[in-house]
Amino acid sequence: DVDNYTITEVIALAAESLNTVSENYILELAHMSFVVELLESLQVSRNTQIEFLKQIRIKSADGIRLVAEKADLSTLQIESLCKLPTLYGDVMSTIEEAKKIAEGTDFSKAVTDTMKSLDVKWKAAGYSGKELNDKLWEEFSKIKETFWDAKKERAVARFRAQLDEKTKLLDSTKKNLDDLQYRLTLELKNTLKEDIERRIYLEKAAVENLEKEIAELKMPDLNAASLEAAMSMIEGTARSMGVTVAE
């Protein structure tokens, strides 16, 4: 198996190579676990796995092919392995970009569009053989699923907050309307009645607007064919709860 010592040995080799070019180097480590798991699945010796890692590091498809042929791997396995160097430039960068987005908390339209565009980028990278392609696609799909689940959760929370706020405001407005309609039945001076009638008119308009806004929010859940049908459902629910609905 490829253990921590093996991984450290390969990293040290990469660092040593970079140091010969410049002391001010940056060694970027990405998806080492994926590569290690892939090599382990080949069931080759430890020395062969190290040779593969060396060739992958320098992005040598020819070197990978030689090591694979010596290890007597199948044609399908060889072709899949030889595509690893190009995948690191396309598919792996796509996975990294998706992972960075999924780890964030920005669900704006711009970020969402970027996540959607990664599917196009993935397809443009080309097919890498069934075994390798399936492994990479599984990882990519899980990352995307994390993002979309979080975005949906955020949207649902925002919807519930809006609905609760408007429902409370509607209840309060209807109570005010009931109170005004009761006061109108009392014997009051004409000027006071006129003021109450004006306020009743405004409260009725407010109730109608709030019911419309709530119906628009709840239309998908109500499975209504139209906004009017959704409003009728809400009014019916209100009447069944003993709430007076203004005509």
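Shown above is the structure to which this text applies.
Remember, it's a predicted structure, so these values are computed and weren't measured experimentally.

Draft legend 1. The overall build of the protein chain, seen in detail. A tally of helices and strands in the protein chain yields 11 helices and zero strands. Along its sequence from the N terminus, the protein chain presents helices and strands in the succession α-α-α-α-α-α-α-α-α-α-α. For the protein chain, the proportion of its 247 residues judged to be buried stands at 31%. For the protein chain, restricting intrachain contacts to residue pairs at least 6 apart in sequence, the fraction spanning at least 24 positions comes to 58%.

Draft legend 2. Geometry of the packing of helix α4 (residues 61-70) against helix α5 (residues 75-82). Relative orientation of the contacting elements α4 and α5 amounts to 155°, with a least axis distance of 9 Å. By the criterion of interaxial angle, the relationship of α4 to α5 is roughly antiparallel. Where α4 crosses over α5, the handedness of that crossing is right-handed. Residues Ala61, Ile64, Arg65, Ala68 and Glu69 of α4 form the contact with α5, whose participating residues are Ile78, Glu79, Leu81 and Cys82.

Draft legend 3. Structural context of the packing of aromatic side chains. Scanning the model with the defined rule gives three aromatic pairs in all. An aromatic cluster is built from Phe107, Phe147 and Trp148, whose rings are joined through pairwise contacts.

Draft legend 4. Main features of the side chain of Gln49. Note that Gln49 resides in helix α3 (residues 46-57). Here Val44 takes part through its backbone oxygen, which lies 3.2 Å from a polar atom of the side chain of Gln49.

Draft legend 5. Here's a closer look at the packing of α3 against α4. Where α3 contacts α4, the axes come no closer than 8 Å and their chain directions differ by 165°. With respect to each other, α3 and α4 are oriented roughly antiparallel. Relative to α4, the crossing made by α3 is left-handed. Residue-level contacts link Thr48, Glu51, Phe52, Gln55 and Ile56 of α3 to Gly63, Ile64, Val67 and Ala68 of α4. A class-by-class count of the residues in the contact of α3 with α4 yields five nonpolar, three polar and one charged.

Draft legend 6. Local environment of the pattern of salt bridges. For the structure on display, the rule yields eight salt bridges. Note that Lys144 is salt-bridged to Asp119, the shortest N-O span being 2.6 Å. Residue Lys144 is located in helix α9 (residues 130-185), and its partner Asp119 is located in helix α8 (residues 109-125); the two are separated by 25 residues in the primary sequence. Accessibility expressed as a relative area gives 12% for Lys144, which makes it buried. Where Glu211 meets Lys174, a salt bridge forms, and the shortest distance between an N and an O atom there is 3.2 Å. Pair noted here: Glu211 is in helix α10 (residues 190-222) and Lys174 is in helix α9, with a separation of 37 residues, a long-range link.

Criteria and cut-off values
- Residues numbered from 1 in each chain as written.
- Predicted model: local features only at pLDDT ≥ 70, side-chain atom pairs only at ≥ 80, totals over all residues.
- Heavy atoms only, no water.
- Helix = DSSP H or I, 4+ residues; strand = E, 2+ residues; numbered from the N terminus.
- Buried < 20%, exposed > 50% of the residue type's maximum accessible area, 1.4 Å probe, protein only.
- Contact = heavy atoms within 4.5 Å.
- Axes fitted to C-alpha atoms, helices over the stretch in contact; angles between N-to-C directions.
- Parallel < 35°, antiparallel > 145°, perpendicular 65-115°, else oblique.
- Left-handed = near helix turned anticlockwise from the far one by under 90°.
- Phe/Tyr/Trp six-rings, centres within 6.5 Å; stacked < 30°, edge-to-face > 60°.
- Polar contact = N/O pair within 3.5 Å; in protein donor to acceptor, adjacent residues only side chain to side chain.
- Nonpolar A, V, L, I, M, F, W, Y, C, P; charged D, E, K, R; others polar.
- Salt bridge = Lys/Arg side-chain N within 4 Å of Asp/Glu carboxyl O.

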